[in-house]
Amino acid sequence: MPYTHDVGGSSPLAPTTVSELGWTMRIAVTGANGFVGSNLANYFHTLGNDVLAIVRPHSDTSLLDPAIPVFRTDYGSEDELAEALAETEILIHNAGSLRTRTFEQMVAANVVTTRTVLRAFNRSPKGRRLVFISSQAASRPSRGSEQVTEEDPSAPVDWYGRSKLLAERLIRAECVKEWVILRPVPVYGPGERDFFKIFKAVKAGVTFRIGRKEQYLNLIHTDELCVLMGYCCELEQAAGQVFFAADGEVYTHSRFMASVAEILGVKPRDIVIPVPLAVIAFHTGELFERITGRSTLVNKQKMKELVNVNWVCSIDKARKILGWHPQPDLEGNLRKTFDWYRRKGWL
């Protein structure tokens, strides 16, 4: 069995492997071509479920199992989506954008698209539950390593977080099916491209951080996210709830970088970027975007996520309600990720 999950035997609701629940569901995944979406689609397909991958017209589907049927749409037609979702029982809505040039574009990608998908699924005669993949960014930064909970008031710092929070509110207000909202922290694993850029930089002999003050964060490997998603799709007590998705451990930026360096077998130079210099760089990146029309990772929105900000949340709610007990293994999972990058010729 390719996906197993040790839950410590603490809850009768939590099996050792997801497949022991005996699920056979008709599941549709929007945004199924990307890193998270493809992993979710492949995972549920592997467990024997009837999976439909929903992607944009010209999306690269190379990360998807070729046996999974693909439906292509620009998410502009509610009728078209309603027809595609007519047999769907569980809809995992993952489609959206992380980076856009304007807030209006972010709202179009993450809120307007959600409204169209939601209204189409509301019409599904067999639709039972919508699971929305939101983000930790829809919540708020933490004070140092202090854990934020789902009940804490949201205070997003950037366009992405604001758009995800608006989409959450839309689902709460308009979804006529059962719904679950999942807020993943940064997800890593085979196929992820932003973490790949970190691997490349470290392999080139450089680790970096902004300012000398330590930064605290959460992470989750895609395998753990898939298991938690399974619980959100099936367990009755998940309905109407919001859950953070993390592996339960608090990491520091320094530990993460040191782990990557150890796996790569390098001793990189640690570069500390002074905060004022980093701010200038982010503003310069913003100017470059405006001139070229190209989105980058260095802009004012990204600055709000990274400079003097910590992102730490609690998963006690998922532990208590779902009986979910992840087993953190940063170094082991980073090694699996590196091995995938190497096999695919990325590194």
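In what follows, the structure referred to is the one given above.
Just so it is clear, the structure is predicted and the values come from calculations on it, not from any experiment. (Residues numbered from 1 in each chain as written. Predicted model: local features only at pLDDT ≥ 70, side-chain atom pairs only at ≥ 80, totals over all residues. Heavy atoms only, no water.)

**Focus: the overall build of the protein chain**
Each helix and strand in the protein chain was counted, giving 11 helices and 13 strands. Counting all 347 residues of the protein chain, 51% fall into the buried class. (Helix = DSSP H or I, 4+ residues; strand = E, 2+ residues; numbered from the N terminus. Buried < 20%, exposed > 50% of the residue type's maximum accessible area, 1.4 Å probe, protein only.)

**Quick look at the nonpolar core**
F44, I92, M229, L322 and W324 are the most contacted members of the largest nonpolar core, which totals 45 residues. The element that contributes the greatest number of residues to this core is helix 6 (residues 222-234), accounting for 8 residues. Judged by nonpolar contacts, the second largest core, of 22 residues, contains I54, Y75, A82 and V117. (Core = buried A, V, L, I, M, F, W, Y, C linked by side-chain atoms within 4.5 Å.)

**Some words on the layout of surface pockets**
Estimates place the volume of the second largest pocket at around 290 Å³. Contributing to the lining of the second largest pocket are 14 residues, with N39, L63, P190, W340 and K344 lying nearest its centre. Listing elements by their share of the lining of the second largest pocket, those giving two or more residues are helix 1 (35-46), helix 6 and helix 11 (330-343). (1 Å grid on protein atoms, 1.4 Å probe; cavity = no way out; pocket = protein on both sides within 12 Å on 5 of 7 lines; lining within 4 Å. Points joined across faces, edges and corners; volume = space filled by probe spheres on them.)

**Overview of the sheet that holds strand 5 (residues 129-133)**
Pairing is parallel in the open sheet, where 7 strands are placed in the order 3-2-1-4-5-6-11. Here the strands that pair on one side only, and so sit at the sheet edges, are strand 3 (70-72) and strand 11 (241-245). Taking each pair of neighbouring strands and ignoring which way they run, the sheet shows an average axis angle of 20 degrees. Pairing of strand 6 (residues 178-184) with strand 11, which is carried by 5 bridges, proceeds in the parallel orientation. From the neighbouring strand, V180 faces strand 11, where its bridge partner is Q241. (Pairing = 2+ DSSP bridges. Axes fitted to C-alpha atoms, helices over the stretch in contact; angles between N-to-C directions.)

**Digging into unusual backbone geometry**
Both trends apply: most residues other than glycine have a negative phi, and most peptide bonds are in trans. The phi dihedral of Y75 is positive, around 65 degrees, even though this residue is not glycine. Here Y75 lies in the loop between strand 3 and helix 2 (78-84). With relative accessibility at 4%, the residue Y75 sits in the buried group.

**Examining the pairing of strand 1 (residues 26-30)**
Burial analysis of strand 1 places 4 of its 5 residues in the buried class, which makes it a mostly covered element. The pairing of strand 1 with strand 2 (residues 50-55) spans 5 bridges and is classified as parallel. Its bridge partner being in strand 2, V29 is matched across the sheet by A53. Of the crossover connections in this fold, the one passing from strand 1 over helix 1 to the parallel strand 2 is right-handed. The pairing of strand 1 with strand 4 (residues 90-93) spans 3 bridges and is classified as parallel. (Right-handed = clockwise from strand over helix to strand, strands pointing away.)

**Quick notes on the pairing of strand 6**
Where burial is concerned, most of strand 6 is hidden: 6 out of the 7 residues are buried. Between strand 5 and its parallel partner strand 6, the chain crosses via helix 4 (residues 159-174), and the hand of that crossover is right-handed.

**Observations concerning helix 1**
Helical periodicity: at 3.6 residues per turn, an α-helix aligns residues three or four positions apart in one direction. Here helix 1 contains 12 residues, and its C-alpha end-to-end distance of 16 Å stays within 8% of the 16 Å for a straight helix at 1.5 Å per residue. Burial runs high along helix 1: 10 of the 12 residues are buried. Listing the buried residues of helix 1 in full gives F35, V36, G37, S38, N39, L40, A41, N42, Y43 and F44. The inward-facing, buried residues of helix 1 abut strand 1, strand 2, strand 4, strand 5, strand 7 (187-188) and helix 6. Phi turns positive one or two residues past the end of helix 1, at G48, with a value near 95 degrees. (Expected span 1.5 Å × (residues − 1). Contact = heavy atoms within 4.5 Å.)

**Points about the packing of aromatic side chains**
In this structure the tally under the stated criterion is 11 aromatic pairs. Pairwise contacts between aromatic rings join F196, F199, F338, W340, Y341 and W346 into one cluster. If you follow R162 out to its NZ or CZ, it ends over the ring of F103, 4.1 Å from the centre. Here K317 stacks its cationic end above the ring of F243, 5.6 Å away from the centre of that ring. (Phe/Tyr/Trp six-rings, centres within 6.5 Å; stacked < 30°, edge-to-face > 60°. Lys NZ or Arg CZ within 6 Å of the ring centre and 35° of its normal.)

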